[in-house]
Amino acid sequence: MAASVREKQTAALKRMLNFNAPPLKNTAAEPVWKVLIYDRFGQDIISPLLSVKELRDMGITLHLLLHSDRDPIPDVPAVYFVMPTEENVDRICQDLRNQLYESYYLNFISAISRSKLEDIASAALAANAVNQVTKVFDQYLNFITLEDDMFILCNQNKEHISYHAINKPDIMDTDMEGIMDTIVDSLFCFFVTLGAVPIIRCPRGNAAEMVAVKLDKKLRENLRDARNSLFTGDTMGSGQFSFQRPLFVLADRNLDLATPLHHTWTYQALIHDVLDFHLNRVSVEESQGSEASPAGARPKKKNKKSYDLTAADKFWQKHKGSPFPEVAEAVQEELDTYRAQEDEVKRLKSIMGLEGEDDGAISMLSDNTAKLTSAVSSLPELLEKKRLIDLHTNVATAVLDHIKSRKLDVYFEYEEKLMSKSTLDKSLLDIISDPDAGTAEDKMRLFLIYYITSQQPPSEADLEQYKKALVDASCDLSPLNYIKQWKAFTKMAATPANYGSSGVKPMGLFSRVMNTGSQFVMEGVKNLVLKQHNLPVTRILDNLMEMKSNPETDDYRYFDPKMLRGSESSIPRNKNPFQEAIVFVVGGGNYIEYQNLVDYTKAKQGKRVLYGCSELFNAAQFIKQLSLLGQK
């Protein structure tokens with residue numbers, strides 16, 4: 001299979017750091033030492049892909065933010081990686097005037113306008129630094145890759161393109177145009193990096209359609225302009241889609257508001273839901289040792305510790321989509337094997353009498369020496385393993401605390417039943433009015449899912465009763481106001497989304513984890529196992545990718561930027577199923593949908609699906625946006 005988008009974006013960054021020449025293969029030569037100057041946008045793009053060590057290997061001795069006080073380093077070349085904004089351009093001109101560096105390689109994250117280029121040129125002339133501005137490049141890298149098969153548009157200023165921004169009732173047309181242009185600019189960068197012109201499908205009459213129309217136009221214009229097209233020649237041949245183009249499905253968040261509120265049960269999605277998980281880095285509050293502080297002393301400040309969950313972390317790659325109980329067992333297993341290996345090293349040491357024997361004894365043990373040598377050479381590996389085990393033990397313990405204190409397993413199971421319309425074993429009111437079950441936010445999420453997925457909304461009398469219970473649990477009701485309007489509006493437009501017949505089977509209690517030796521005390525947490533079912537986004541993708549006829553997707557619009565005349569049609573030109581697809585949710589996405597698509601792709605031989613969204617939010621952040629909309 002050809003390179004993933006993560007590999008392509010990483011390769012593009014490495015080329016940029018090597019002064020836009022392909023990185024040299026022979027690593028014997030010293031790299032050219034240089035400084036990297038980025039803005040916050042550039043930082044967010046680089047940090048999930050390249051570690052500080054990798055930057056150093058590329059010759060980056062120093063990486064600084066553009067808008068910080070920087071000392072002149074006159075004999076060093078500087079690579080800039082910034083957005084082409086007014087303030088950034090001004091700051092670059094100022095650097096030229098102050099003659100901070102030996103030479104300047106300016107790389108813009110997305111295309112820079114002619115007028116701003118002229119500003120830089122005149123500043124360079126005035127500062128007599130024209131020869132020092134060595135290269136200016138548009139990198140078309142204005143998106144952030146988080147996984148091999150997942151990307152988001154931006155992390156800075158994401159409130160400008162959030163669900164709230166798109167769905168504000170009082171939004172001006174000009175603002176909406178601006179939001180759509182921002183989204184399209186990033187998507188255009190994404191396809192340039194991928195080296196492919198997609199076939200675009202989208203529903204009618206919402207934000208997704210506006211994005212599709214603009215993206216089609218932008219791709220079409222670029223393909224027309226043969227001299228400067230970004231999709232011709234060498235890039236296309238090496239692209240992964242040289243013979244078949246990908247399908248690009250634009251979906252709108254409004255087609256499924258239940259999933260972003262759903263409590264989840266897989267490892268990665270749980271971390272995102274209950275901990276602070278951001279651009280592949282998770283922060284966990286470490287509880288201090290339980291020794292009692294002397295009376296009257298200030299309570300100890302909790303330490304925040306952050307961990308990077310990277311592609312190199314084998315355990316993470318293997319288990320990020322597993323149900324939590326399986327993860328707990330796997331961590332325990334890893335820990336046991338690690339301890340066994342560690343004991344082996346200790347045992348060898350003691351056999352060899354290294355505990356203070358004279359040298360004579362050692363020479364007799366030559367056969368053991370070989371053993372020890374191999375044990376010692378595997379030490380770095382062991383230490384790395386230990387680091388990862390500690391990391392996952394801490395993260396999983398933190399997640400488990402939330403599951404236990406908020407009864408998240410109960411919520412998860414109940415919501416799955418609501419979403420699949422199966423019979424419920426206890427009333428919704430009981431859970432809402434149970435003071436031990438979850439936070440106010442958990443209750444609100446549960447009720448909103450019930451409200452969104454119910455065929456007919458509850459009667460006024462029932463609703464009042466629920467509202468009272470929610471207010472008693474100190475919930476903020478403004479999200480409900482918005483969901484009510486939304487539901488009334490979508491009822492006119494379409495049928496409620498169908499969530500497939502998902503089932504959750506409680507298995508017997510945790511067998512191995514319940515042993516006394518385990519790190520994880522799982523008492524009272526249900527061991528739930530998931531049955532694969534397709535969420536609405538996955539179902540739409542399946543219809544369009546496999547060319548199935550389905551009333552849900554039959555009137556989706558069809559755009560092909562390569563056709564000479566844009567034709568208004570829903571009739572697909574090609575009838576073959578697609579091998580590769582990108583799903584993009586306008587208005588924000590989450591790890592639950594991502595995981596659902598990953599599971600769907602696993603079942604299909606030779607297919608690839610990428611998931612993208614305008615921003616990545618967890619339920620808490622989404623509820624915040626809903627309540628802002630509900631207060632209007």
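Refer to the structure above for everything that follows.
This structure is a prediction, so every number in the text was calculated from the model and none was measured. (Residues numbered from 1 in each chain as written. Predicted model: local features only at pLDDT ≥ 70, side-chain atom pairs only at ≥ 80, totals over all residues. Heavy atoms only, no water.)

**Considering the packing of aromatic side chains**
So, step 1. What the rule picks out here adds up to 26 aromatic pairs.
So, step 2. Seen from their ring centres, Phe-277 and Trp-316 are 6.2 Å apart, and the 75° between their planes marks the pair as edge-to-face. Pair noted here: Phe-277 is in strand E10 (residues 276-278) and Trp-316 is in helix H11 (residues 314-319), with a separation of 39 residues, a long-range link. Taken individually, Phe-277 and Trp-316 each receive the classification buried, so the pair is uniform in this respect.
So, step 3. Taking 6.4 Å as the distance between ring centres and 40° as the angle between the ring planes, the aromatic pair formed by Tyr-594 and Tyr-611 counts as tilted. Of this pair, Tyr-594 sits in helix H22 (residues 591-603) while Tyr-611 sits in strand E17 (residues 608-613), and the two are 17 residues apart along the sequence.
So, step 4. Among the residues examined, Tyr-594 registers a relative accessible area of 2% and is labelled buried.
So, step 5. Of the aromatic side chains, those joined through ring pairs into one cluster are Tyr-267, Phe-277, Trp-316, Phe-324, Tyr-591, Tyr-594 and Tyr-611. (Phe/Tyr/Trp six-rings, centres within 6.5 Å; stacked < 30°, edge-to-face > 60°. Helix = DSSP H or I, 4+ residues; strand = E, 2+ residues; numbered from the N terminus. Buried < 20%, exposed > 50% of the residue type's maximum accessible area, 1.4 Å probe, protein only.)

**Looking at the pattern of salt bridges**
So, step 1. In this structure the tally under the stated criterion is 26 salt bridges.
So, step 2. Across the pair Arg-6 and Asp-148 runs a salt bridge, and its minimum N-O distance is 3.6 Å. With Arg-6 in helix H1 (residues 5-17) and Asp-148 in the loop between strand E6 (144-147) and strand E7 (150-152), this residue pair connects regions lying 142 residues apart in the sequence.
So, step 3. Its relative accessible area of 10% is what places Arg-6 among the buried residues.
So, step 4. Between Arg-557 and Glu-209 there is a salt bridge, with its nearest N and O atoms 2.7 Å apart. A residue pair is termed long-range when its members are at least 10 positions apart, and Arg-557 in strand E15 (residues 557-559) and Glu-209 in helix H8 (residues 207-224) qualify at 348 residues. (Salt bridge = Lys/Arg side-chain N within 4 Å of Asp/Glu carboxyl O.)

**Some points on the packing of helix H21 (residues 536-545) against H22**
So, step 1. The geometry of H21 relative to H22 is characterised by a closest axis approach of 9 Å and an angle of 40° between their N-to-C directions. By the criterion of interaxial angle, the relationship of H21 to H22 is oblique. Regarding H21 and H22, the two cross each other, and that crossing is right-handed. Taking contact as the criterion, the partners of Val-537, Thr-538, Leu-541 and Asp-542 in H21 are, on H22, Glu-593, Asn-596, Leu-597 and Tyr-600.
So, step 2. Looking at side-chain class alone, the contact of H21 with H22 contains four nonpolar, two polar and two charged residues. (Axes fitted to C-alpha atoms, helices over the stretch in contact; angles between N-to-C directions. Parallel < 35°, antiparallel > 145°, perpendicular 65-115°, else oblique. Left-handed = near helix turned anticlockwise from the far one by under 90°. Contact = heavy atoms within 4.5 Å. Nonpolar A, V, L, I, M, F, W, Y, C, P; charged D, E, K, R; others polar.)

**Topic: a negative patch on the surface**
So, step 1. Together, Glu-86, Glu-87, Asp-90 and Asp-119 make up a negatively charged patch on the protein surface.
So, step 2. For the negative patch, the leading source of residues is helix H4 (residues 86-97), giving three residues.
So, step 3. You can see Asp-90 is positioned in helix H4. (Patch = residues over 30% accessible without salt bridge, like charges linked within 9 Å, V, L, I, M, F, W, Y side chains within 5 Å. Areas by Shrake-Rupley, 256 points an atom, 1.4 Å probe, with all protein chains shown as cover. Lys, Arg positive; Asp, Glu negative; His and termini not counted. Charge placed at Lys NZ, Arg CZ, Asp CG, Glu CD.)

**Brief notes about the nonpolar core**
So, step 1. Counting residues in hydrophobic clusters, the biggest one holds 77 residues, and the most contacted among them are Ile-271 and Val-395.
So, step 2. Counting residues in hydrophobic clusters, the runner-up holds 39 residues, among them Val-192, Ala-212, Phe-231 and Ile-582. (Core = buried A, V, L, I, M, F, W, Y, C linked by side-chain atoms within 4.5 Å.)

**Section: a nonpolar patch on the surface**
So, step 1. Residues Val-376, Leu-379 and Leu-383 make up a contiguous nonpolar surface patch of roughly 250 Å² in combined accessible area.
So, step 2. Tracing the backbone through its elements, the reader meets Leu-383 in helix H15 (residues 379-406).
So, step 3. Here Leu-383 falls in the exposed class, since its relative accessible area comes to 54%.

**Comments concerning the side chain of Asn-155**
So, step 1. Tracing the backbone through its elements, the reader meets Asn-155 in the loop between E7 and helix H6 (163-167).
So, step 2. Reaching out from Asn-155, the side chain makes a polar contact with the side chain of Asp-44 at a distance of 3.2 Å.
So, step 3. In terms of polar contacts, Asn-155 uses its side chain to reach the side chain of Lys-158, at 3.3 Å.
So, step 4. Once you skip the residues sitting within four places of it in the chain, Asn-155 turns out to touch Asp-44, Ile-144, His-278 and Leu-279. (Polar contact = N/O pair within 3.5 Å; in protein donor to acceptor, adjacent residues only side chain to side chain.)

**Some remarks on the sheet that holds strand E1 (residues 34-38)**
Across a sheet, paired strands are connected by hydrogen bonds in the backbone, their directions being either parallel or antiparallel.
So, step 1. On the basis of which strands lie adjacent, the open sheet formed by five strands has the order E2-E1-E3-E4-E5 and parallel pairing. Edge positions in the sheet fall to strand E2 (60-65) and strand E5 (133-138), since each has one partner strand and no second. Neighbour-to-neighbour, the strand axes of this sheet turn through a mean angle of 20°, independent of strand direction.
So, step 2. Where E1 meets strand E3 (residues 73-82), four bridges bridge the pair, whose relative direction is parallel. Bridge assignment links Ile-37 to a residue of E3, and that residue is Tyr-80. (Pairing = 2+ DSSP bridges.)

**Side note on the pairing of strand E11 (residues 281-286)**
Every other side chain in a regular strand lies on the same face of the sheet, so the side chains alternate between the two faces.
So, step 1. In this structure, E10 lies alongside E11, joined through three bridges in antiparallel fashion. Bridge pairing in E11 places Asp-276 opposite Ser-283.
So, step 2. Counted along the chain from E10 to the antiparallel partner E11, the turn is two residues long, and its residue Leu-279 has a positive phi close to 45°.
So, step 3. Bridge count for E11 against strand E12 (residues 303-308) is six bridges, and the pairing is antiparallel. By the bridge assignment for E12, Val-284 is matched with Lys-305.

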